[in-house]
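Coordinate analysis (summary)
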Amino acid sequence: MNAIKINSMQARQNATALLKELSERNIAKVKLAVTDTDGILRGKVISFEKFKSVAEKGFGFCDVVFGWDANDVAYDNATLTGWHSGYPDALAMVDLNTFRNVPWENDLPFFLADFRDAKGNDYVACPRSLLKKIAKQATDAGYIPYFSQEFEWFNFIDNADELYATKFSTLRPMTNGMFGYSILRASQKSAFFHDLFDSLKKFNVPIEGLHTETGPGVYEAAVSYGEIVEAADRAVLFKSSAKEIAHRHGLIATFMAKWNENLPGCSGHVHQSLWSADSKRNLFYDEQSETKMSALLESYIAGQLYCLPFVLPMYAPTINSYKRLVEGAWAPTTLTWAIDNRTTALRVLPNGATSARLETRVVGSDSNPYLAMAACLASGLYGVKNKLKLTTPATIGNGYTDKKNGVLPANLWEATQSMKKSEIATALFGKEFVEHFAGTREWEWRQFSKVVTDWELKRYLEII
């Protein structure tokens, strides 16, 4: 019996055991979710009887989730799906390994799914499928990628009806003032603070650390690390769960990269390391090296620096993303790396045999974790495969002034054109994905470009 058959048999046994467990709990319904291009969870609640029939063979889910934007407006430039195809169902396969109970919904069973095409292959536009593809490249090369993502996000008093009526001009932060790392502010909102920490642990999205950041009503959470697909699952679920838990406390949580030009933006830094196939040795650490950085890590960094301009939309996917990537705002603007320096794009932390890692600081909190992590790993592996060397030394001091390697594209249009025309992006992710994803970002730019903003009215209406 070959390995595939053994794995298939094990999967069936696991499914049978899980269904038996849920049946014994007298479960009546199950929640299923998929992730769209923008990293938004889309899903439904189905009966347990229905779930039993789809747990192994999958279920149909409208492929419009890859044919519309974050506001449910259909793209006019997509070829994978659209009015021309009639938006048919795509096959969504439940990943039973993602089973969780939602503690704030009476322990409702929850599963993630990803997509297959009509031939049973991974659906080109599916972010989770893309990440699994890149993760397999790592394991095939003998590496186990361990990742985690940390998020900063602002919390506002929930006045949703007023916000829509006033076109989002009446935002009221949960707390006032600049209170980074504040024990006081965390204590003053302790019910929300501890509910986040405790409920997410029960949901199997454990938080390593949670604290206030600098800014009114802003928190930062570091999600505990894990193998890369699990880490991305946790990151996606964290963002959605934080919003749900906030709502139960009369709050609105936002992961916009920059909601106010006078306040810091919100990052989604990705921490990463490659381990040996038995997960016992961190391959980024070298005790004999003066810097404690292994040659593998140096090539991985070199790959990320080389590829970064061509994959930036996967780190910074919205118009708003680029309002965060400005000088002096705790977000990088240059193609730089350094050891423990928060002004560079890549921050290396070669602290020890178990904790040595790379932090990619370009990534914003508005990113789709599957795509951000796929871009990090793929570009790092590109450097390893091609044995790239770090041709410039680590930045010393202010990374904003270190422009010898160049600067990041200034906006979503520039970044998307760099990705769209890049042979590197195509080599990393495939032509079909790049064409589809670049098209979605061009659509986003077009939607923004035709809108008359408050800034324009205030600046021009009377004086011009």
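Use the structure listed above.
What comes next concerns the included structure.

Each value, and the rule that gives it
- Residues numbered from 1 in each chain as written.
- Predicted model: local features only at pLDDT ≥ 70, side-chain atom pairs only at ≥ 80, totals over all residues.
- Heavy atoms only, no water.
- Axes fitted to C-alpha atoms, helices over the stretch in contact; angles between N-to-C directions.
- Helix = DSSP H or I, 4+ residues; strand = E, 2+ residues; numbered from the N terminus.
- Parallel < 35°, antiparallel > 145°, perpendicular 65-115°, else oblique.
- Left-handed = near helix turned anticlockwise from the far one by under 90°.
- Contact = heavy atoms within 4.5 Å.
- Nonpolar A, V, L, I, M, F, W, Y, C, P; charged D, E, K, R; others polar.
- Core = buried A, V, L, I, M, F, W, Y, C linked by side-chain atoms within 4.5 Å.
- Buried < 20%, exposed > 50% of the residue type's maximum accessible area, 1.4 Å probe, protein only.
- 1 Å grid on protein atoms, 1.4 Å probe; cavity = no way out; pocket = protein on both sides within 12 Å on 5 of 7 lines; lining within 4 Å.
- Points joined across faces, edges and corners; volume = space filled by probe spheres on them.
- Salt bridge = Lys/Arg side-chain N within 4 Å of Asp/Glu carboxyl O.

Packing of helix H11 (residues 412-420) against helix H13 (residues 431-449) brings their axes to within 9 Å, and their N-to-C directions diverge by 165°. Put simply, H11 runs roughly antiparallel to H13. Here the hand of the crossing between H11 and H13 comes out left-handed. Contacts from Leu412, Trp413, Thr416, Gln417, Met419 and Lys420 in H11 reach Phe433, Val434, Phe437, Ala438, Arg441, Glu442, Glu444 and Trp445 in H13. Looking at the contact of H11 with H13 residue by residue, the class counts come to 8 nonpolar, 2 polar and 4 charged.

Counting residues in each nonpolar core, the largest one holds 95 residues, and the members touching the most others are Phe238, Met314, Tyr315 and Phe429. In contact with Met314, other than residues within four places in its own chain, are Leu130, Ser367, Leu371, Ala372, Ala375, Met419, Phe429, Phe433 and Phe437.

Tallying each qualifying case throughout the model produces 3 cavities of 30 Å³ or more. For the largest cavity, the calculated volume is near 40 Å³. In terms of lining residues, the largest cavity is bounded by Met174, Thr175, Phe179, Arg185, Thr212, Glu213, Gly215, Gly217, Val218 and Tyr219. Here the lining of the largest cavity is built from residues that sort into 4 nonpolar, 4 polar and 2 charged.

At Tyr87, a position not held by glycine, the phi torsion is positive, near 50°. Relative accessible area serves as the criterion here: at 13%, Tyr87 is assigned to the buried category. Look at Trp330: it is not a glycine, yet its phi comes out positive at around 65°. Looking at where Trp330 falls in the secondary structure, it is placed in the loop between helix H9 (321-324) and strand S12 (337-339).

The final tally for this structure, using the stated rule, is 24 salt bridges. Between Arg441 and Asp38 there is a salt bridge whose closest N-O contact spans 3.2 Å. Of the two residues, Arg441 is situated in helix H13 and Asp38 in the loop between strand S1 (29-35) and strand S2 (41-47); the sequence distance between them amounts to 403 residues. When sorted by exposure, Arg441 lands in the same class as Asp38, which is buried.

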